[in-house]
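Commentary on secondary and tertiary structure
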Amino acid sequence: MTAGGFLLEAAARSGWFGLMTRSVGPQIRGGEAAALLRFSNRRVDVPAESYNILFVVDWLNFDRFSAEIHLTPDTMVIADPDSGEVPEVVVKSGARMFDMPVKQVLGAIEGGRPNMLATGVVGGIIGLPIDTIYELIQDNLGSKGEKAVNSSKATVEAGYRFAETLTDAPALAEPKKSDKRRWIITGNEAAGLGAVRGGVRFAAAYPITPGTEILEWLAPNLRKLGGALVQAEDELASINMVIGGSYGGVPAITATSGPGLALMTESIGLAVAAEVPCVIVDVMRGGPSTGIPTKSEQSDLNIAVYGLHGDAPHIVTAPNSVSDCLFTTQWSVYLAEAMQTPAIVLSDQFIGQAKIVIDPPADIAFVGKRLLAQNIEGEYRRYAVTESGVSPMAVPGVAGGQHTADGLEHNPRGTPSTRAEDHMTQMNKRLRKITGFDYGSHWAEIDGEGELAVLTWGSCTAAALEAVEAAREAGIAVKLISLRLISPCLPDAMAKALEGVKKVLVVEQTHSGQFANYLRAQYELPSEVRSYHIPGPLTIRPSEILSQIQDWS
Amino acid sequence: MTAGGFLLEAAARSGWFGLMTRSVGPQIRGGEAAALLRFSNRRVDVPAESYNILFVVDWLNFDRFSAEIHLTPDTMVIADPDSGEVPEVVVKSGARMFDMPVKQVLGAIEGGRPNMLATGVVGGIIGLPIDTIYELIQDNLGSKGEKAVNSSKATVEAGYRFAETLTDAPALAEPKKSDKRRWIITGNEAAGLGAVRGGVRFAAAYPITPGTEILEWLAPNLRKLGGALVQAEDELASINMVIGGSYGGVPAITATSGPGLALMTESIGLAVAAEVPCVIVDVMRGGPSTGIPTKSEQSDLNIAVYGLHGDAPHIVTAPNSVSDCLFTTQWSVYLAEAMQTPAIVLSDQFIGQAKIVIDPPADIAFVGKRLLAQNIEGEYRRYAVTESGVSPMAVPGVAGGQHTADGLEHNPRGTPSTRAEDHMTQMNKRLRKITGFDYGSHWAEIDGEGELAVLTWGSCTAAALEAVEAAREAGIAVKLISLRLISPCLPDAMAKALEGVKKVLVVEQTHSGQFANYLRAQYELPSEVRSYHIPGPLTIRPSEILSQIQDWS
Amino acid sequence: MTAHTAPAFKASDYKSDIKPVWCPGCGDYHVLLSVTRALAELGRRPEDVACISGIGCSSRIPAYVNCYGFHGVHGRSLPIGTGLKVARPDLTVLVAGGDGDGFSIGGNHFQHACRRNIDITYIVMDNRVYGMTKGQPSPTTEPDWDSALSPGGTGLSPFHPLVIALASGANFVARTFSGDPNRTTEVLVEAIKHPGFSFVQILSPCVTFRPDERGWKDVVHTAAVEETDDPARAARRIMTDDGFNIGILYRGNRAPYKLTGREATSDTDQLGEMFAI
Amino acid sequence: MTAHTAPAFKASDYKSDIKPVWCPGCGDYHVLLSVTRALAELGRRPEDVACISGIGCSSRIPAYVNCYGFHGVHGRSLPIGTGLKVARPDLTVLVAGGDGDGFSIGGNHFQHACRRNIDITYIVMDNRVYGMTKGQPSPTTEPDWDSALSPGGTGLSPFHPLVIALASGANFVARTFSGDPNRTTEVLVEAIKHPGFSFVQILSPCVTFRPDERGWKDVVHTAAVEETDDPARAARRIMTDDGFNIGILYRGNRAPYKLTGREATSDTDQLGEMFAI
Ligand SMILES: Cc1ncc(C[n+]2csc(CCOP(=O)(O)OP(=O)(O)O)c2C)c(N)n1
Ligand SMILES: Cc1ncc(C[n+]2csc(CCOP(=O)(O)OP(=O)(O)O)c2C)c(N)n1
Ligand code: SF4
Ligand code: SF4
Ligand SMILES: [Mg+2]
Ligand SMILES: [Mg+2]
């Protein structure tokens, strides 16, 4: 376990909430790396604006992280004076420097490792009970033998001792304990759990950063549930395996990132036309092309909504926080199954890979339930025209339901047809399924009231919420609307949400303002709209949004 | 050659213009088929609203065509009374029926074939000189021997004789001869010719209806120009071969249709990021998925504009008529080369496969000219930041220009980078290239003035033009704006084009109004906008648009 | 023919009422006949059989068979069949299509499906041409076959589907001729019964774009040697054959992909608990 | 080593100044060394050489070689190399990447590039794992190798790249070990010189996710028999080898894809005239 992991878990066990992200250099292994942690006594979903403590093992290539690690004159920087020159950006920040002979301390302890020292120093400064850390060491290293445990403990202790020597150290607010055991989870793990809660029992996989962990979580856990995951040769195969599994009646999922999604679009269109439910989680990263695989961006919105050839109505959703990956993925399985259509879930690198402490999530009611054709008598019409647009689906094994699912345009029986009438009928039916569906209140999270509304989605939501709360504290009434259902659009629900709103600030992490353009195309917005869009790799900070709000108030 | 081909060419040789489309049933070969022809003494780009003459070989499955072949009480229907019952739709139309003992006549001539009889009957009715047809028979069948020629001539003659017996036959207006030999060409052939005129010397191919003919035209003709076409194993390969050829400095193209385009999007994104020019012609067909491969639709607009993952600015163009396939493809090669970015050309099945008589097109000046790095001294920076955004490109063979083209985000030298600054700089550069370019007047065809404007694109243009002309004749002033440059959008040019316009009627062949949505997202339109969008397979007729105009005036 | 008790089904029970779009004389009509006969012979209920295809003339076959069918996109039939079989091991899954669909755009899935060795049967109606798109060379086309897209021929050495199948790990490899429905039916029955991935190449003439293939009936001949379970021997034989040897060429005993033993040992609540600190 | 006149270039002339992202000890460092040495040995000017790759640790190699390079998308290096070579027959084109890039997502292009037999050299740094994505099984991974994505192993029989190359029509097939840069350099020189499609599998350990592969140095051994130009003999040998035979296994004389004789016989005006009636 890394120092960050130890600290997060120790804090969680002691009643604090927290969030951890990691940042690494270009080296595949063995290069520079940073763990960024934020602790609080209420749930935190956004990285810190600036850091109170910086523990430095060495300064090598620190510049790579300086844009992510904001230092202030309040920051305590603890570093070995022999670990290289202090970077200019650190000096300029005015941060308080504390020397610690890191190498010397470690050298004095047999098996002493920097991660344990960092754990000890930081744990000591912020006041984590040392016993909790010892407990964790026992749990994690117990199997490696007493020696390993003892040297780790000794290193942690050395850290604590050093921490005691520091003055004006920042302290955490009182922890908020809970009767229920809290969870530590990443967004990718949460998505996996959401999938199986929604009923998924089949997955197909082709690894890609940063979506791989969803697949790696599903592989052993689907097995435990009696399901299966197949590793595919590529994404063309994985999406079609998912379609095949789902055609067999088993709710199915895959996860990928932008390049993989691009390879899947032809077959997602097949799922639209042949009306086979399936879920594709796109954990977005910096684009275009291979882009910046290890960093976050929201720039796959366009391809998710508009990336299929032909008119191909389908569902696009987006989790609005690390923990919401659970709810939104589960809900998306439910939606896909209910409407017999593909659902694309737009997660991203930040919420996918960030690790967070949360209260255990309630089990929600959304379990995929497909309208099945059973006890079939007479001619079976797979694409029968119904009021909702959803037609009862016969799955293999059901007598009398034999039919051919087809991506060619077809008549209600499924027989290929080039007739204008059949085309129009089936197009209307496929569209009606998703525009006429009752999405309830889950389509968006709406918070507060005000003439100014921040309209956002996905991983920008948490930063927007902090910004909105700060604005309110500063006396500015701001409404927050964060869309969980990206497509289809719900004009009535939005109109209601926008009642009384005169100005809209659209916030998103793209270069071209994809979300703002999409909203403009599909919704009636108030006449005053501003678009704040910044591409990755840096996550948008609450203070940036706040200053946009202040500027406009 | 088919009867339609004979008639079109005979008419062209005699000084008429004309347009031919074909429609076939689901059978791969040997099923029902119809040739639809329209003649005029001015250029025609749209199929006829209704037909004056219907020559029927047999009535089998005529219903499949009835939506396309509009009959009126003026229509002359010539059919064998023994060829089956006259379909109800024909009876209802009130068309004038003329009996012809087709089988009997053909039986009496050795080697007599229906296509020749049809040629004779129709040629006779509309007054094509029989000698021109004889000439054509000689040219086309001469190699098959005298017997074949004579029996064809005899069959045609029998047709002419029958035609003489008819009363109240429709006649063509006087032909308009020209000194220059006119051309007969399909849109797909024109696209091929436009490509090589633009400088293309390399192509990669994977066949797909209705794009195949572009590739089949290029295969022998690129050879004649010293270039080459490679048949690829799939579209993933073909687009990457094109990128490879172009990286080598040779302008390159491929053609496909919706499903193939979907497979290419990941690598088109690579061409955006690595800044490799290339042209992809998408001859659109009915979607989604396999859809209706033999019929036209404009529903790949979304994927062409928005279908790449990440923010990936590129060019999207669309020919506005059969013959404009030449200009627009040539221009697109020029644009791609000038901006070192991919250009997607949105043709469609109608303009791709329709055969048309035109005056020989002028040779236009647009020949791809790439900004090359030559005589390189010092460190070469492939992605150097320039004012226009275009960086001089070193192609293999140029000493000192060694670099690695990369789809990973990079710094100006091309070295992979995850820095926010590099990302922003390169994103801005790639966008600037295409938004700052001077597209001249070619971005749109603009015709007339009026408070009402019809805003359309691609193959709807010709129908819209006829509708607008008819409206003017009826005293309604209507402006026509047809976009040739779909993306990027040109806000200033559009604002100018829309000066004085109060109402906009958007016309397109999609189910969801993709073009209207796109315009709404990207342009400032007058407050009154109506969207007329009808999916395929039937082409939108001038009268439909006219009645929309009339309704709104 | 394999010994069997009186079948409960007739071939006609597996024939749907949809009229094929195929040209008169197309070899695929006989493939359809053989498939329906084989299913009748095996006696599986129509609802327990699924036939998956891609795009092409041959890929139209699912609609003409009375069973569950999926007419997918070009080249992706094997992944659909794979997903279906893994999710529903109880079904009999046939995957069918053409040489373009299977060896050109679908060539990667072909290799990997052989490796994966899932218990499905893959039938390729090989006519050495793209029929549906009107006559372009496919991977199995002779190097000198002239066409609009490759004037004068591709000049490329043809793809050897049987060698690739064997080298990649298919567990049953056979070649038949559509014009011999009796033998084809027999081979299909064996292929479907054999565990693991069974590959059957059916030479099926395209009378429209390859009229010369009408002559195949005169050149096909029964493989001179007995079938084998030794991949190296089978490979040697196939690498040197003339492409018209008919019969079961390899019947292996490679371990098929494990589809059984999928009892749930946990529920989703228990899985959630793993995140509790 | 092949006889040659004193080279005008040193290996270091082909080394770029960009620092590899590879882990310390990664086998790919030695591949890079061998490639630069081979290019020096061949004496082609850096600007006349292009190195094309896909995505993966190994696919980072173009940036480290001083020549024209293209770091494309995952699995599509061979089509880029093919397009480049057909458009620019004057260049020396190397295509390089990993086992995942080349045999999993890129497996179709691999087969078809072998068939097409264009005069390019394809180098696969085979570490039997997806290194870049942190350790998933690739097609060449042993069936029992445990990983997060395939707990307990995939159970699949590994992909045989050399057999597939040979069966598909590659004209030169060799295997080397990155830990032996001298032999690797020699083989690369021969591969690049040989006309048509040359395939070189370089066993290149991933010390991070497959630390066991450090042991490869002890198991690789020179192929016991001489190279051959008979594909059937070569196939037999490779199908039964242990995967660690090092050397040139097949040096064929299949006709490479025709790239020459591309004189223009027409201009675009003349082409336009064909539409005149
Ligand atoms: C992605 C994609 N590319 C191309 C096509 C066009 N296409 C349809 S069928 C076909 C080839 C069919 O050949 P084969 O599989 O041999 O079947 P056959 O018609 O010969 O039976 C092609 C290229 C398509 N439908 N989808
Ligand atoms: C379309 C697409 N899918 C998945 C990925 C993720 N990905 C990057 S490299 C890689 C595998 C690399 O394995 P290999 O080619 O063996 O190279 P190695 O890292 O082992 O050298 C994968 C799956 C990607 N970049 N693009
Ligand atoms: S084109 Fe060929 S393969 Fe297709 S239906 Fe006709 S004969 Fe059969
Ligand atoms: S992960 Fe493996 S293959 Fe990648 S650089 Fe490290 S050692 Fe090499
Ligand atoms: Mg075929
Ligand atoms: Mg590898």
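As the structure is a prediction and not an experimental result, all values here were calculated from the model.

**Regarding the overall build of chain A**
When helices and strands are tallied, chain A shows 19 helices and 20 strands. Whereas a compact globule of 553 residues would reach a radius of gyration of roughly 24 Å, chain A reaches 26 Å, a difference of no more than 12%. Each principal axis of the C-alpha distribution contributes one length, and for chain A these read about 85 × 60 × 45 Å. Per-residue burial for chain A yields a buried fraction of 65% across its 553 residues. If you take every contact in chain A between residues at least 6 apart in sequence, the share linking residues at least 24 apart comes to 74%. As displayed, chain A offers around 18,500 Å² of accessible surface, 49% of which is attributable to carbon and sulfur atoms. Averaging the positions of the 46 positive and the 62 negative side-chain charges in chain A gives two centres separated by 4 Å.

**What to know about the coordination of the magnesium ion (ligand 6)**
Residues and elements named next belong to chain D. The protein atoms that coordinate the magnesium ion (ligand 6) are D99 (OD), N127 (OD1) and V129 (O), at distances of 2.1 to 2.2 Å. Positions of the donor residues of the magnesium ion (ligand 6) along the chain correspond to the pattern D-x27-N-x1-V. Of this pair, D99 sits in helix α3 (residues 99–104) while V129 sits in the loop between β4 (121–126) and α5 (161–168), and the two are 30 residues apart along the sequence. Grouping residues by exposure puts D99 and V129 together as buried.

**Structural notes on the relation of the copies chain A and chain B**
Superposing chain A onto chain B requires a rotation of 180° together with a translation of 0.0 Å along the rotation axis, leaving an RMSD of 0.0 Å. Between the two chains, the operation in question is that of a two-fold axis. Both copies contact each other with a shared surface, as 100% of the interface residues of chain A are interface residues in chain B too.

**What about the coordination of the magnesium ion (ligand 5)?**
Distances from the magnesium ion (ligand 5) to its protein donors, C:D99 (OD), C:N127 (OD1) and C:V129 (O), fall at 2.1 Å. Read N to C, the donor residues that coordinate the magnesium ion (ligand 5) are spaced as D-x27-N-x1-V.

**Regarding the site of ligand 4**
Taken together, A:I28, D:W22, D:C23, D:C26, D:C57, D:N127, D:C206, D:V207, D:T208 and D:F209 are the residues near ligand 4. Residues that form the shell around ligand 4 fall into these classes: eight nonpolar, two polar and no charged.

**Details of the sheet that holds strand β15 (residues 444–447) of chain B**
Residues and elements named next belong to chain B. Spatially, β15-β17-β16-β19-β20 is the arrangement adopted by the five strands of the open sheet, whose pairing is mixed. One side of each edge strand has no neighbouring strand; the edge strands of this open sheet are β15 and β20 (528–533). Shown here is a sheet whose adjacent strand axes are inclined to one another by a mean of 20°, direction ignored. In this sheet, β20 lies alongside strand β19 (residues 503–508) in parallel orientation, the contact comprising six bridges.

**A word on the packing of aromatic side chains**
For the structure shown, the criterion picks out 51 aromatic pairs over all chains. Geometrically, the ring pair formed by A:F437 and A:Y439 is edge-to-face, given 5.1 Å between the ring centres and 65° between the ring planes. Residue class for A:Y439 comes out buried when judged on its relative accessible area of 3%. With 6.3 Å between their ring centres and 40° between their planes, D:Y122 and D:F197 make a pair best called tilted.

**Observations concerning the interface of chain A and chain B**
Counting residues at the interface gives 58 residues for chain A, matched by 58 residues for chain B. When chain A packs against chain B, the two sides together hide about 4,900 Å² of surface, and 59% of this comes from carbon and sulfur. Summed over the shared surface of chain A and chain B, the result is two salt bridges. Between A:R520 and B:E524 there is a salt bridge, and its shortest N-O distance comes to 3.4 Å. Counting the contacts that link chain A with chain B gives 30 residue pairs in polar contact (both at pLDDT 80 or more). Sorting the residues of the side of chain A that touches chain B by element identifies α11 (258–274), α12 (301–306), α15 (420–435) and α18 (514–522) of chain A as the ones contributing at least two each. Considering every element that reaches the side of chain A that touches chain B, the biggest residue donor is α11(A), with nine residues. The residue makeup of the side of chain A that touches chain B, split by class, is 23 nonpolar, 25 polar and ten charged.

**Let's talk about the site of ligand 3**
Near ligand 3, the surroundings consist of B:I28, C:W22, C:C23, C:C26, C:C57, C:N127, C:C206, C:V207, C:T208 and C:F209. Chains contributing residues to the immediate surroundings of ligand 3 are chains B and C. Looking at side-chain class alone, the shell around ligand 3 contains eight nonpolar, two polar and no charged residues.

**A word on the packing of helix α1 (residues 3–13) of chain B against helix α6 (residues 130–141) of chain B**
Residue and element names in this part refer to chain B. At their nearest, the axes of α1 and α6 sit 9 Å apart, and the two run at 120° to each other. The angle between α1 and α6 places the two elements in the oblique class. Crossing geometry of α1 relative to α6 is assigned as right-handed. Contacts between α1 and α6 involve F6, E9, A10 and R13 from the former and T132, I133, E135, L136, I137, D139 and N140 from the latter.

**Notes on the relation of the copies chain D and chain C**
For these two chain copies, the linking operation is a rotation about an axis paired with a shift along it. Rotating chain D by 180° about the axis while translating it 0.0 Å along that axis superimposes it on chain C, leaving an RMSD of 0.0 Å. The share of interface residues of chain D whose copies in chain C are also at the interface is 96%, consistent with both copies meeting through the same surface.

**Digging into the interface of chain D and chain C**
Each side of the interface is counted separately: chain D has 25 residues, and chain C has 24 residues. Interface area, chain D with chain C, both sides summed: about 2,200 Å², of which 59% is carbon and sulfur. Linking chain D to chain C there are zero salt bridges. For the pair chain D and chain C, the interface holds 13 residue pairs in polar contact (both at pLDDT 80 or more). Elements with a contribution of two residues or more to the side of chain D that touches chain C: α3, α4 (107–116), α5 and α8 (231–239) of chain D. Here the element with the most residues in the side of chain D that touches chain C is α4(D); it accounts for six residues.

**Side note on the sheet that holds strand β6 (residues 183–186) of chain A**
Residues and elements named next belong to chain A. Strand order in this open sheet of four strands is β2-β1-β13-β6, and the pairing throughout is antiparallel. Each having just a single partner strand, β2 (33–40) and β6 make up the two edges of the open sheet. Taken over all neighbouring pairs, the strand axes of this sheet differ in orientation by 15° on average, direction set aside. Where strand β1 (residues 17–24) and strand β13 (residues 355–358) come together, two bridges link them in antiparallel fashion. Residue pairing for β13: L19 is matched across the bridge by I356. Most of the contacts of helix α1 (residues 3–13) go to β2, to which it runs at about 10°, and overall it touches β1, β2, β6 and β13.

**Some details on the pairing of strand β1 (residues 17–24) of chain B**
Residues and elements named next belong to chain B. Of all eight residues making up β1, six are buried, and the element is well covered by its neighbours. As judged from the eight bridges shared by β1 and strand β2 (residues 33–40), these two strands associate in the antiparallel manner. In the strand pairing of β2, G18 is matched with F39.

**A look at a positive patch on the surface**
Together, C:R233, C:R236, D:R233 and D:R236 line one region of the surface with positive charge. Within the residue set of the positive patch, elements represented by two or more residues are α8 (231–239) of chain C together with α8 of chain D. Locating C:R236 in the fold gives a position in helix α8.

**Some remarks on unusual backbone geometry**
Following A:T209, the chain continues to A:P210 via a peptide bond in cis, the omega torsion being 0°. With respect to the helices, strands and loops of the structure, A:P210 is situated in the loop between β7 (202–205) and α9 (212–224). Residue B:G536 is joined to B:P537 through a cis peptide bond whose omega torsion reads 0°. Structurally, the position occupied by B:P537 is in the loop between β20 and α19 (542–551). Phi at A:N61 is positive, roughly 60°, even though this residue is not glycine.

**What to know about the nonpolar core**
In this structure, A:L483 and B:L483 are the most contacted members of the largest nonpolar core, which totals 314 residues. Ignoring any residue separated from it by four or fewer positions in sequence, one finds B:L483 in contact with B:A318, B:W443, B:A444, B:L455, B:T456, B:W457, B:G458, B:M494, B:F515, B:L519 and B:Y523.

**A word on the domain arrangement of chain A**
You'll often see interface size given as the accessible area lost when the parts meet. Residue and element names in this part refer to chain A. Looking at the assigned domains, one finds that chain A contains domain 1 (2–164), domain 2 (184–358), domain 3 (371–437) and domain 4 (441–551). Just the C-alpha atoms count here: the centres of domain 1 and domain 2 sit 34 Å apart. Carbon and sulfur atoms make up 65% of the surface buried where domain 1 meets domain 2, a total of about 1,100 Å² over both sides. At the boundary of domain 1 and domain 2, one finds one salt bridge. Residue E68 pairs with K295 through a salt bridge whose shortest N-O separation is 3.1 Å. Residue assignment for the side of domain 1 that touches domain 2 shows that the elements contributing at least two residues are α1 and β1. With six residues, β1 is the largest single contributor of residues to the side of domain 1 that touches domain 2. The residue makeup of the side of domain 1 that touches domain 2, split by class, is nine nonpolar, three polar and four charged.

Reading the values: rules and limits
Residues numbered from 1 in each chain as written. Chains lettered and ligands numbered in written order. Predicted model: local features only at pLDDT ≥ 70, side-chain atom pairs only at ≥ 80, totals over all residues. Heavy atoms only, no water. Helix = DSSP H or I, 4+ residues; strand = E, 2+ residues; numbered from the N terminus. Rg over C-alpha atoms; globule rule 2.2 N^0.38 Å. Buried < 20%, exposed > 50% of the residue type's maximum accessible area, 1.4 Å probe, protein only. Contact = heavy atoms within 4.5 Å. Areas by Shrake-Rupley, 256 points an atom, 1.4 Å probe, with all protein chains shown as cover. Lys, Arg positive; Asp, Glu negative; His and termini not counted. Charge placed at Lys NZ, Arg CZ, Asp CG, Glu CD. Donors = N, O, S within 2.8 Å, 3.2 Å for Na, K, Ca; no water. Least-squares fit on C-alpha atoms with pLDDT ≥ 70 in both. Near = heavy atom within 4 Å. Nonpolar A, V, L, I, M, F, W, Y, C, P; charged D, E, K, R; others polar. Pairing = 2+ DSSP bridges. Axes fitted to C-alpha atoms, helices over the stretch in contact; angles between N-to-C directions. Phe/Tyr/Trp six-rings, centres within 6.5 Å; stacked < 30°, edge-to-face > 60°. Buried area = accessible area lost by both parts, 1.4 Å probe. Salt bridge = Lys/Arg side-chain N within 4 Å of Asp/Glu carboxyl O. Polar contact = N/O pair within 3.5 Å; in protein donor to acceptor, adjacent residues only side chain to side chain. Parallel < 35°, antiparallel > 145°, perpendicular 65-115°, else oblique. Left-handed = near helix turned anticlockwise from the far one by under 90°. Patch = residues over 30% accessible without salt bridge, like charges linked within 9 Å, V, L, I, M, F, W, Y side chains within 5 Å. Core = buried A, V, L, I, M, F, W, Y, C linked by side-chain atoms within 4.5 Å. Domains from an automatic or database assignment.

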